[in-house]
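Residue-level listing of the chains:
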Amino acid sequence: MIIVLRRDATEEQVGHLVATIRGWGLTTHVSRGTERTIIGVIGDERAIRSKPLEAIPGVESVMAVLKPYKLASLEFQPERTRIRIPAVKPGGAPVEIGGPSVVVVAGPCSVENRDMLFDMARVIRGAGAKLLRAGAFKPRTSPYAFQGLGVEGLRYLAEVRAEVGIPIITEVMDTRDVEMIAEVADILQIGARNMQNFNLLKAVGRCRKPVLLKRALAGTIEELLMSAEYILSEGNREVIVCERGIRTFEKATRNTLDISAVPVIRRESHLPVFVDPSHGTGVWPLVAPMALAAVAAGADGIMVEVHPNPEQALSDGPQALLPKTFEKMMKDLQAVAQAVGRTL
Ligand code: PEP
Ligand code: MN
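Quick notes on the rules
Residues numbered from 1 in each chain as written. Chains lettered and ligands numbered in written order. Predicted model: local features only at pLDDT ≥ 70, side-chain atom pairs only at ≥ 80, totals over all residues. Heavy atoms only, no water. Helix = DSSP H or I, 4+ residues; strand = E, 2+ residues; numbered from the N terminus. Buried < 20%, exposed > 50% of the residue type's maximum accessible area, 1.4 Å probe, protein only. Contact = heavy atoms within 4.5 Å. Areas by Shrake-Rupley, 256 points an atom, 1.4 Å probe, with all protein chains shown as cover. Donors = N, O, S within 2.8 Å, 3.2 Å for Na, K, Ca; no water. Salt bridge = Lys/Arg side-chain N within 4 Å of Asp/Glu carboxyl O. 1 Å grid on protein atoms, 1.4 Å probe; cavity = no way out; pocket = protein on both sides within 12 Å on 5 of 7 lines; lining within 4 Å. Points joined across faces, edges and corners; volume = space filled by probe spheres on them. Nonpolar A, V, L, I, M, F, W, Y, C, P; charged D, E, K, R; others polar. Expected span 1.5 Å × (residues − 1). Domains from an automatic or database assignment. Axes fitted to C-alpha atoms, helices over the stretch in contact; angles between N-to-C directions. Parallel < 35°, antiparallel > 145°, perpendicular 65-115°, else oblique. Left-handed = near helix turned anticlockwise from the far one by under 90°. Near = heavy atom within 4 Å. Polar contact = N/O pair within 3.5 Å; in protein donor to acceptor, adjacent residues only side chain to side chain. Sits in = over half its atoms within 2 Å of the grid points. Pairing = 2+ DSSP bridges.

1. Notes on the overall build of the chain
Broken down by element type, the chain carries 10 helices and 14 strands. Seen along its three principal axes, the alpha-carbon backbone of the chain occupies a region of about 75 × 45 × 40 Å. Here the chain holds 344 residues, and the buried ones make up 51% of them. Considering only contacts in the chain between residues 6 or more positions apart, those separated by 24 or more positions represent 67%. Counting only carbon and sulfur atoms, one obtains 53% of the accessible surface of the chain, whose full area is about 15,400 Å².

Set out below in structure tokens:
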């Protein structure tokens, strides 16, 4: 950390600042220039990140040198995190996330009924998807919109998982539901709207199931990684971060999919990165092109919404792919994955 002092900072103020920092257990290096004095803080600055340094007389500005997250950083762990999802049925193949293979997760936005869930599970698995997604508990903007089937939906998810033999990922919105959902889900999803629900992050951090953490609508990449840090710091080291589009002034799409987040996160963190082009664009014709772009940019996985009849969907119909469009996307993804040295 580098502290720049005001031009008119007095020797007394410099002495007070140095003593204060030392009192916090760190050491200092004072450098007196012709214009300004700067103080280099030596030691792990994260220990004093939350101290009100700018409030100390004589301080003009404070520049952090280290990232605010630790466990999530590539400096802390240079090898990439690989997450193994065990096979659901004996003899089945486990799924590895964060390895050379790009993992596709697909399924309807919501669990709407049992039959449709079973249909979609078979369709997406037949096309090469490795996990089924579907929400039983849905975070909807309107309290009058379909809120998900709740516990009934979770029961269908458990049934489809056991019968079709496909691992599932589903959203948890409430700390009180973590254990119940973790009994069924292979991966717990934290939705964009809960990226900074710190109690929920801590609760899934204490849970022994991998977590897919979605970027908030107005969350920076640093904030996303800080939220991952909450989960990691509770002891759960199996975290996937997911870019799903952010709010901008652009109206052509529901959100603006930040593809550059993929290489940025991979540069900063060892955690696997997924991209959700369905919520990222909100319009189905853009989903496949953005999925291809995400894999080209280095995504470890893609999560997309698929529905047999999007015009009747209870949530997110406009962004749902029909099965045949999904199948075509999977073929194209294979070619892109191969072009960037990965498999599907
Ligand atoms: C979802 O995946 O269905 C969902 C609600 O996503 P997000 O939290 O990114 O809006
Ligand atoms: Mn959705």
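2. Comments concerning the coordination of the manganese ion (ligand 2)
The protein atoms that coordinate the manganese ion (ligand 2) are Cys109 (SG), His279 (NE2), Glu305 (OE) and Asp316 (OD), at distances of 2.0 to 2.4 Å. Within one chain, the residues donating to the manganese ion (ligand 2) are spaced in sequence as C-x169-H-x25-E-x10-D. One end of the pair, His279, is in helix H8 (residues 277-281); the other, Glu305, is in strand S14 (residues 301-305), and 26 residues separate them in sequence. Each member of the pair His279 and Glu305 is classed as buried.

3. Describing the pattern of salt bridges
A full pass over the atoms with the stated rule returns 23 salt bridges. For Arg6, the salt bridge is made with Asp8, and the minimal N-O distance between the two is 3.0 Å. The exposure class of Asp8 is partly exposed, given its relative accessible area of 49%. In this structure, Arg36 engages Glu60 in a salt bridge whose closest nitrogen and oxygen atoms are separated by 3.0 Å.

4. Some thoughts on the layout of surface pockets
Space inside the largest pocket adds up to approximately 270 Å³. Taken together, 22 residues line the largest pocket, and the ones lying closest to its centre are Lys138, Pro139, Arg193, His279 and Asp316. With three residues, strand S9 (residues 168-171) is the single largest residue contributor to the lining of the largest pocket. Its residues assigned to classes, the lining of the largest pocket comprises six nonpolar, seven polar and nine charged. What lines the second largest pocket is a set of 17 residues, and nearest its centre among them are Ala93, Arg125, Lys130, Gly165 and Pro167.

5. A few points about helix H9 (residues 284-296)
For H9, which comprises 13 residues, the first-to-last C-alpha distance of 19 Å matches the rise-based estimate of 18 Å (1.5 Å per residue) to within 8%. Along H9, the residues classified as buried are Val287, Ala288, Ala291, Ala294 and Val295. Contacts from the buried residues of H9 go to strand S13 (273-275), H8, S14 and helix H10 (323-339). The positive-phi residue at the C-terminal boundary of H9 is Gly298, with phi of around 110°.

6. Focus on the domain arrangement of the chain
Taken domain by domain, the chain comprises domain 1 (2-63) and domain 2 (83-339). Distance between the C-alpha centres of domain 1 and domain 2: 44 Å.

7. Section: the packing of helix H6 (residues 221-233) against helix H7 (residues 261-268)
When two helices pack together, their arrangement is given by the angle between the helix axes and by the axis-to-axis distance. Relative to each other, H6 and H7 sit at 50°, their axes nearing to 11 Å. When the interaxial angle is binned, H6 and H7 end up oblique. In this structure, H6 meets H7 at a crossing whose hand is right-handed. Side by side, H6 and H7 meet where Ile221, Leu224 and Leu225 of the first sit next to Ala261, Val264, Ile265 and Glu268 of the second. Partitioning the contact of H6 with H7 into residue classes produces six nonpolar, no polar and one charged.

8. Focus: the site of ligand 1
By nearness alone, 13 residues border ligand 1, and Arg133, Ala192, Arg193, Lys214 and Arg244 come closest of all. Within the side chain of Gln189, a nitrogen or oxygen atom sits 2.9 Å from an oxygen atom of ligand 1. Contact with the protein chains removes 97% of the 290 Å² of surface that ligand 1 exposes when unbound. Here ligand 1 occupies the largest pocket. Tallied by class, the residues present in the shell around ligand 1 amount to three nonpolar, three polar and seven charged.

9. A word on unusual backbone geometry
Phi is positive for Asp316, close to 55°, though the residue is something other than glycine. Mapping Asp316 onto the fold places it in the loop between S14 and H10.

10. Brief notes about empty space enclosed by the protein
Within this structure, the stated rule accounts for one cavity of 30 Å³ or more. In this model, the largest cavity occupies a volume close to 30 Å³. Leu71, Phe76, Gln77, Thr81, Leu232, Arg237 and His270 together form the lining of the largest cavity. A per-class count over the lining of the largest cavity returns three nonpolar, three polar and one charged.

11. Topic: the pairing of S14
Counted residue by residue, S14 has five buried out of five residues, so it is predominantly covered. Here strand S7 (residues 103-107) runs beside S14; their pairing, made up of five bridges, is parallel. Within S14, the residue paired with Val105 across the bridge is Met303. Bridge count between S13 and S14: two bridges; the pairing is parallel.

12. Brief notes about the pairing of strand S2 (residues 27-32)
The two faces of the sheet receive side chains in turn, since in a regular strand these alternate between them. By the bridge criterion, six bridges tie S2 to strand S3 (residues 37-42) in an arrangement that is antiparallel. The residue bridging Val30 from the neighbouring strand is Ile39, located in S3. From the end of S2 to the start of S3, which pair antiparallel, there are four residues.

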